[in-house]
Amino acid sequence: MSNSTSISKPVFRIVALQFVIATGFALLAWNLGGVNKAWSAAYGGAIAVIGSLVYAMLVARGAGDAKQAFRRHFRAEMIKIFITAALFIGALVLCSSAAWVWLILGFAAATLAYWVALLAV
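What counts, and at which threshold
Residues numbered from 1 in each chain as written. Predicted model: local features only at pLDDT ≥ 70, side-chain atom pairs only at ≥ 80, totals over all residues. Heavy atoms only, no water. Helix = DSSP H or I, 4+ residues; strand = E, 2+ residues; numbered from the N terminus. Buried < 20%, exposed > 50% of the residue type's maximum accessible area, 1.4 Å probe, protein only. Contact = heavy atoms within 4.5 Å. Phe/Tyr/Trp six-rings, centres within 6.5 Å; stacked < 30°, edge-to-face > 60°. Lys NZ or Arg CZ within 6 Å of the ring centre and 35° of its normal.

**Student:** Tell me about the overall build of the protein chain, and please be specific about residues and values.
**Tutor:** Looking only at helices and strands, one finds 4 helices and 0 strands in the protein chain. Put simply, the protein chain runs from its N terminus to its C terminus through helices and strands in the order α-α-α-α. Principal-axis analysis of the C-alpha atoms gives the protein chain an extent of 50 × 30 × 15 Å. By the burial criterion, 36% of the 121 residues in the protein chain qualify as buried. Across the protein chain, every contact between residues at least 6 apart in sequence was considered, and the portion connecting residues at least 24 apart equals 73%.

Encoded structure:
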């Protein structure tokens, strides 16, 4: 088993768990506040999941020495931050009717799920 395979499987499982929790939170928002709050929470969760998925895909590519692995993680994190910021700006520009508290809560729930899952791995 190569180093990249041993790293990539748990990372993608974490992203899948993050997706499930973001979806569950959006359903909770729908139950508590209706459709607008639900899609806002779903969009917030999607921002977190998309960033994490891109990070996982970039990190999972290839193995190497510690210096290369550090560079790959650093580059992936910078790209993840850029994508997250771009998606939030896109929401601000394109989704003026969004329930912003629920969008932020959806993002926070998905991000928290990611960090809790990392502790479990």
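Following the structure, the description resumes.
**Student:** Run through the packing of aromatic side chains, naming residues and quoting values.
**Tutor:** To describe a pair of aromatic rings, one takes the distance between the centres and the angle between the planes. Counted according to the given criterion, the structure contains 3 aromatic pairs. Residues F25 and W102 carry aromatic rings whose centres are separated by 5.9 Å and whose planes lie at 35 degrees to one another, so their mutual orientation is tilted. Taken together, the residues span a long stretch of sequence, with F25 in helix 1 (residues 3-33) and W102 in helix 4 (residues 100-120) at a distance of 77 residues. An identical accessibility class is assigned to F25 and W102; each is buried. Between K80 and the ring centre of Y55, over which it is positioned, the NZ or CZ distance is 5.7 Å.

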